Amino acid sequence: MAGPRSLNPGLRALRPAAFGADPSGARLARIRRSPHFSDGVFQNPGGEARTRPSGSAREFARIYFEKEARSHRAPTGTVPVHATTLADLARPPATGLRLTWMGHSSVLAEIDGQRVLFDPVWGERCSPFPFAGPKRLHPAPVPLAALGPVDVVVISHDHYDHLDLPTIKALAGTDTLFAVPLGVGAHLERWGVSAGRLRELDWHESTRVGGLTLTATPARHFCGRGLRNTQHTLWASWVVAGERHRVFHSGDTGYFDGFRDISAAHGPFDATMIQIGAYSEFWPDIHMTPEEGVRAHLDLQGGRPAGALLPIHWGTFNLAPHPWAEPGEWTRDAGEEAGQAVATPRPGAPFEPAGELPTDPWWRTVSRPGPTPWRRPRPVAAPAEPLRDEADLAGDR
């Protein structure tokens, strides 16, 4: 099986550092041995997922660039970020588990005495270029250097809004470890992270960091940073289990039945961090709606409301046609209808899932009323009507 084509020296010299590096050598050989790699690419659970917008390109462009719709995709004023202080983070969590959402999918999890930083993005743009691409809608709540020591950085996949070159370069100067999906280590090594600090995992593989067990679990998404998407880096959700607590981070994913399998193997969870933003009917296979995010959380908890759900992947970058505040509103509604506790902290505000959850709809002060109703049209917990056979239908006639 042929590997990714090498760039000629001239093109390689022009390749931005943010593109990272293609896996090669022993890393590529390991990728090829993965049971989730076939026909030259990593495969999604449950079969192929559409990774490019489906439907009419003209219709997508009409919706995306329509003036009134665009006005709803950004806050109307300054996002009320919580200015995280050293005092906030210096006190050990009373319950042993504390989460601090830094915006988008970046979360600091303090769990059983250790500190895990998920998908840290402190850069101004999620783009390979500093002058173009989606720009932050609010500043990072705390300077990266002010976070203090981090035991392990966990990366879900290599897209720019999850794997940020400036952030990784800053962390490369520390002694923190990195847990990443297969192939992603090639990017980090190019950016100065030594191989000895990498824990590169396939789905269902685990690694120990101090008293924590980190397990890469399946997700339904895709990968790629350069001009050619070779699908030679894996994407993953993550389970982190300590002596007393366990949490789940979804990364980016479409809804799929695998959440139930993750629950059976690793759940239930004290808290989940679930992607509920940047969804669209044009890419339904690779991102979840708020309704699907709540359903995923319930699946992860064995089918019943439990623990705390922290919505992530919204509020920081404009990446989809939906209104800026819609994910927060609709996740609140879906959680309420399902009887599930949903935490909605301001970016940077620490909270303990076993304590009083932040539930203030802070985004309402800086968002326009949506062009669609805040509340979803049907309850998340409503069972689907079962299919009936011809005999049942005949009885209705």
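Residues numbered from 1 in each chain as written. Predicted model: local features only at pLDDT ≥ 70, side-chain atom pairs only at ≥ 80, totals over all residues. Heavy atoms only, no water.

(A) Structural detail: the nonpolar core. Of all hydrophobic cores here, the largest spans 63 residues; its most connected members are Val116, Phe118, Leu214 and Trp238. Core analysis: the next-biggest nonpolar cluster, separate from the first, contains 29 residues, Cys126, Leu163, Val184 and Phe317 among them. (Core = buried A, V, L, I, M, F, W, Y, C linked by side-chain atoms within 4.5 Å. Buried < 20%, exposed > 50% of the residue type's maximum accessible area, 1.4 Å probe, protein only.)

(B) Looking closely at unusual backbone geometry. For the bond from Gly267 to Pro268, the omega torsion is -5°, close enough to zero to count as cis. Structurally, the position occupied by Pro268 is in the loop between α8 (258–266) and β13 (271–275). For Ala278, which is not glycine, the phi dihedral falls at a positive 65°. A relative accessible area of 6% means that Ala278 is categorised as buried. One non-glycine residue, His313, lies in positive phi territory at about 70°. Its relative accessible area of 1% is what places His313 among the buried residues. (Helix = DSSP H or I, 4+ residues; strand = E, 2+ residues; numbered from the N terminus.)

(C) Structural context of helix α9 (residues 290–300). With respect to burial, α9 is a largely interior element, nine of its 11 residues being buried. Where α9 is buried, its residues meet β12 (246–249), α8, β13, β14 (308–312) and α10 (326–338). (Contact = heavy atoms within 4.5 Å.)

(D) Inspection of the pattern of salt bridges at higher detail. Throughout the structure, instances matching the rule amount to 10 salt bridges. Across the pair Arg260 and Asp257 runs a salt bridge whose closest N-O atoms are separated by 3.8 Å. For Arg260, a relative accessible area of 45% puts it in the partly exposed group. A single salt-bridge network, built from bridges that share partners, covers Arg27, Glu189 and Glu200. (Salt bridge = Lys/Arg side-chain N within 4 Å of Asp/Glu carboxyl O.)

(E) Quick look at the packing of aromatic side chains. As enumerated under the stated definition, the model contains 13 aromatic pairs in all. Relative to Trp314, the ring of Trp101 lies with its centre 5.8 Å away and its plane at 15°, an arrangement referred to as stacked. In this pair, Trp101 sits in strand β3 (residues 97–103) while Trp314 sits in the loop between β14 and α10, placing the two residues 213 residues apart along the sequence. Each of the two residues, Trp101 as well as Trp314, counts as buried. Considering the side-chain rings of Tyr255 and Phe259, the 5.8 Å spacing of their centres and the 35° angle between planes classify their relative orientation as tilted. The residues Tyr255 and Phe259 share a single accessibility class, namely buried. Feature note: the residues Trp101, Trp314, Trp324, Trp362 and Trp363 constitute an aromatic cluster, connected by ring pairs. Over the ring of Tyr255 we find Arg295; its NZ or CZ atom is 5.9 Å from the centre of that ring. (Phe/Tyr/Trp six-rings, centres within 6.5 Å; stacked < 30°, edge-to-face > 60°. Lys NZ or Arg CZ within 6 Å of the ring centre and 35° of its normal.)

Remember that the coordinates give geometry; whether it matters functionally is a separate question.
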